[in-house]
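One-letter residues, chain by chain:
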Amino acid sequence: MIYNLTGWPADLAMLEAGVVDLPDNQGKYIAKLLEFPELPTQIDLAATAKLIAEFCVAKLSKDARVLIGGPNFLMHWLEVELCAEGFRPCHGFFRPADFVDYEFCGLVEVL
């Protein structure tokens, strides 16, 4: 099982790969944390990553795999916090399917 922390619902291919969406209120909470209406500082990024990691500690099973996504500038901070708490973050691998959409092709683990 791979918990979806991307802020977006998993598509069929992701679901078939074992990605599980969070319950609606939890998914909305994560999606809100991934929004940055203004350019964030390093303190903002560290605090956001910490909040998401704390959410995972409270709501998910320890050492769970988590699919992360969102602003690129947050991913390093989020990986560090999640790994420190014993979670195994991974990223979705997408290939352009046409000029608008991307096709989900698998998961890339963070070591």
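Residues numbered from 1 in each chain as written. Predicted model: local features only at pLDDT ≥ 70, side-chain atom pairs only at ≥ 80, totals over all residues. Heavy atoms only, no water.

Caption draft 1: Structural detail: the overall build of the chain. Looking only at helices and strands, the chain features four helices and five strands. Overall, the chain shows an N-to-C arrangement of helices and strands of β-α-β-α-α-β-α-β-β. Counting over 111 residues, the chain shows a buried share of 35%. Considering only contacts in the chain between residues 6 or more positions apart, those separated by 24 or more positions represent 52%. For the chain, the exposed surface amounts to about 6,900 Å²; the carbon and sulfur share of it is 59%. (Helix = DSSP H or I, 4+ residues; strand = E, 2+ residues; numbered from the N terminus. Buried < 20%, exposed > 50% of the residue type's maximum accessible area, 1.4 Å probe, protein only. Contact = heavy atoms within 4.5 Å. Areas by Shrake-Rupley, 256 points an atom, 1.4 Å probe, with all protein chains shown as cover.)

Caption draft 2: Just the packing of aromatic side chains, in detail. Applying the stated criterion to the full structure yields two aromatic pairs. Judged by centre distance (5.8 Å) and plane angle (35°), the rings of Tyr29 and Phe55 are tilted. Remark: Phe55 occurs in helix H3 (residues 42-59) and Tyr29 occurs in helix H2 (residues 24-33); sequence separation between them is 26 residues. With a relative accessible area of 36%, Tyr29 lands in the partly exposed category. (Phe/Tyr/Trp six-rings, centres within 6.5 Å; stacked < 30°, edge-to-face > 60°.)

Caption draft 3: Quick look at H2. Within H2, burial applies to Gln26, Ile30 and Leu33. For H2, the buried positions fall inside an angular range of 60° around the axis, keeping them on one side. Of the residues in H2, the exposed ones pointing more than 90 degrees away from the buried face are Asp24, Asn25, Lys28 and Lys32. Residues of H2 that are buried sit in contact with strand E1 (2-5) and H3. (Arc of directions from axis to C-beta.)

Caption draft 4: Region of interest: the nonpolar core. Of all hydrophobic cores here, the largest spans 21 residues; its most connected members are Leu5, Ile30, Val66, Leu78 and Leu82. Taken together, the elements giving at least two residues each to this core come down to E1, H2, H3, strand E3 (65-68) and helix H4 (72-84). Ranked by residue count, the leading element in this core is H3, at six residues. Discounting residues that sit within four places of it in the chain, Ile30 has contacts with Leu5, Leu22, Ile52 and Phe55. In this structure, Ile2, Met14, Val19 and Cys90 belong to the second largest nonpolar core, which totals six residues. (Core = buried A, V, L, I, M, F, W, Y, C linked by side-chain atoms within 4.5 Å.)

Caption draft 5: Region of the structure containing the side chain of Asn4. Within the secondary structure, Asn4 sits in strand E1. Accessibility expressed as a relative area gives 5% for Asn4, which makes it buried. Polar contacts involving the side chain of Asn4 include one to the side chain of Asp21, which spans 2.7 Å. Once you skip the residues sitting within four places of it in the chain, Asn4 turns out to touch Pro9, Ala10, Val19, Val20, Asp21, Leu22 and Leu67. (Polar contact = N/O pair within 3.5 Å; in protein donor to acceptor, adjacent residues only side chain to side chain.)

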